[in-house]
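Descriptive analysis of the structure
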Amino acid sequence: MPTTLQSVPSFFVYGEPDRPLDVGFIHVETVMARRQVHFGKVAAHKHGQMAQITFWTSGSGAYFIEDQVIQFEAPAVSFMPSGTVHGFNIEPETTDAIVVSVADSALPLVKPLAALDFERPLFESRQKGSPLWDRLRATVQRLQVEYREGYSASLPALIAVAANDIARLARGSTEKPTPDLDLARKLKSLVDVHFRDNWPLDRYLETLGTTPHLLAKACHQAYGQSVKSFIDDRRLLEAKRLLLFTVRSVEDITFELGFHDPAYFSRFFRKRVGEPPGEWRARRTEKQA
């Protein structure tokens, strides 16, 4: 994934500019349907308004999630929430997948029926002998057929079934939503919008209409860390995205993230990653060259 951009591109579907989505939008196609666009090399990108389930039906390759690289062979499956940077390299002659794109506005129909954590990216390729792979394949293939034949009313229910199978394959949590989990997800949504703005904790508390104790409890239960650490991790994630997938200078990235001093940003990054941002970028881009 060469670094050539000023920002990580956001697409509607791969290769098509982002655009407003109809409420409840769902789209299903194969990876190879866009073969002439990517030729097996899908560069780092994100989808600003929709999540994706990708079920790999054949072949193998390398899948990129933020700064991670995962080698896989089919069957494998991923779930990418909106805004997650991802991409892949595959052999287009032998590898294919079914991609189910779901607008964020359609997820409220799915979430109450599914155990999957819809806030976090997931890639699963273990448990090769599990019968769940056959069930998931059948569900995703039915999604493909129903979509092609225009039976849109059944799609949210089928997506929920697929999401449950993915959660079980990943041994994900089957806990039902709780007030704490709901508050933590609202915090995440706010942090995603305002992490560059250096909001004090009081601003988050006021916006969410909660108390320090309740927010700390919810954040620890959902994410296993303090609110400050959670916000710092979001800034670190964005720093890694910009370092790895763009050509912007470290100084430019410093100010983009709301830091006022490149030296302070370098200390912030080094404390969490173990090396300065420039060295981390050089090492990672050399590995991926």
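Before reading further, recall that the structure is shown in the block above.
In this report, we go over the structure that sits alongside the text. (Residues numbered from 1 in each chain as written. Predicted model: local features only at pLDDT ≥ 70, side-chain atom pairs only at ≥ 80, totals over all residues. Heavy atoms only, no water.)

**Description of the nonpolar core**
Going by this rule: Only buried residues count toward a nonpolar core, which is a set of Ala, Val, Leu, Ile, Met, Phe, Trp, Tyr and Cys residues joined through side-chain atoms within 4.5 Å. Exposure is judged per residue with a 1.4 Å probe applied to protein chains only, and the accessible area is read against the type maximum: over 50% gives exposed, under 20% gives buried, and values in between give partly exposed. A run of DSSP states H or I qualifies as a helix once it reaches four residues; a run of E qualifies as a strand once it reaches two. Both are numbered from the N-terminal end.
Counting 33 residues, the largest nonpolar core has L187, V191, Y204, L215, L257, F265 and F269 as the members making the most contacts within it. Broken down by element, the residue count for this core peaks at nine residues, all from helix α8 (residues 227-245). Within the second largest apolar cluster, 32 residues are counted, among which are A114, L122, A160 and A167.

**Quick notes on the packing of aromatic side chains**
What describes a pair of aromatic rings is the distance from one ring centre to the other and the angle between the planes of the rings. To keep things clear, this is the line we draw: Two rings from Phe, Tyr or Trp (for Trp, the six-membered ring) form a pair when their centres are within 6.5 Å of each other. A pair whose planes differ by under 30 degrees is stacked, one over 60 is edge-to-face, and the rest are tilted. Put simply, a charge is over a ring when the Lys NZ or the Arg CZ is close to the ring centre, within 6 Å, and near the line of the ring normal, within 35 degrees.
With the rule as written, the count across this model stands at 15 aromatic pairs. Here the aromatic rings of W56 and Y63 are separated by 6.4 Å at their centres, their planes lie at 80 degrees, and the arrangement is edge-to-face. Per residue, the accessibility class of W56 equals that of Y63, and both read buried. With a centroid separation of 5.0 Å and an interplanar angle of 50 degrees, the aromatic rings of F259 and F268 are classed as tilted. Across the pair, exposure class does not vary: F259 and F268 are buried alike. Looking at R235, its charged tip hangs above the ring of F259, at a distance of 4.0 Å from the centre.

**Observations concerning the pattern of salt bridges**
For clarity, the threshold we go by: Should a side-chain nitrogen of Lys or Arg be within 4 Å of a carboxyl oxygen of Asp or Glu, the pair is scored as a salt bridge.
Scanning all chains against the criterion turns up 22 salt bridges. Note that R185 and E119 form a salt bridge whose closest N and O atoms lie 4.0 Å from each other. Here R185 is found in helix α5 (residues 179-194), whereas its partner E119 is found in the loop between α2 (107-110) and β9 (122-124), with 66 residues between them in sequence. As a salt-bridge pair, R196 and E256 come within 3.1 Å of each other at their nearest N and O atoms. Of this pair, R196 sits in the loop between α5 and α6 (201-208) while E256 sits in helix α9 (residues 250-256), and the two are 60 residues apart along the sequence. A relative accessible area of 27% places E256 in the partly exposed class. Several salt bridges converge on common partners, so that one network encompasses E66, K188, D192, R196, R234, E238, R241, R248, D252 and E256.

**A word on the sheet that holds strand β7 (residues 86-90)**
Note the following rule: Between any two strands, pairing holds if DSSP finds at least two bridges. Only the stretch in contact is used when fitting a helix axis, every axis being a line fitted to C-alpha atoms; angles between N-to-C directions are given from 0 to 180 degrees.
Spatially, β2-β7-β4-β5 is the arrangement adopted by the four strands of the open sheet, whose pairing is antiparallel. Edge positions in the sheet fall to β2 (41-45) and β5 (68-73), since each of these pairs with one other strand and no more. Between one strand axis and the next, the sheet turns through 20 degrees on average, direction left out of account. Pairing of β2 with β7, which is carried by three bridges, proceeds in the antiparallel orientation. Considered in β7, the bridge of H45 is made with H86.

**A closer look at α6**
Here is the rule we go by: By construction, the arc corresponds to the directions joining the helix axis to the C-beta atoms. Only heavy atoms enter the contact rule, under which two residues are in contact if any of them lie within 4.5 Å.
Taken residue by residue, α6 has Y204, L205 and L208 as its buried positions. Around the axis of α6, the buried residues are gathered within 100 degrees of arc, so they sit on the same side. Exposed positions of α6 whose direction lies more than 90 degrees from the buried face are D202 and E206. Residues of α6 that are buried sit in contact with α5, α7 (212-223) and α8. Remark: G209 follows α6 within two positions and exhibits a positive phi of approximately 65 degrees.

**A closer look at the sheet that holds β9**
Adjacent strands of a sheet form backbone hydrogen bonds with each other and so pair up, either parallel or antiparallel. Ordered in space as β1-β8-β3-β6-β9, the five strands form an open sheet in which the pairing is antiparallel. Each edge of the open sheet carries a strand with a single partner, namely β1 (26-30) and β9. On average, adjacent strands in this sheet sit at an angle of 10 degrees to one another, irrespective of strand direction. Here strand β3 (residues 50-58) runs beside strand β8 (residues 96-103); their pairing, made up of eight bridges, is antiparallel. Along β8, the bridge assignment pairs M50 with A103. Lying on the sheet, helix α3 (residues 132-148) is in contact with β1, β3, β6 (76-80), β8 and β9; it crosses β1 at an angle near 110 degrees. Of the strands in this sheet, β1, β3, β6, β8 and β9 are in contact with helix α4 (residues 155-169), which crosses β1 at around 65 degrees.

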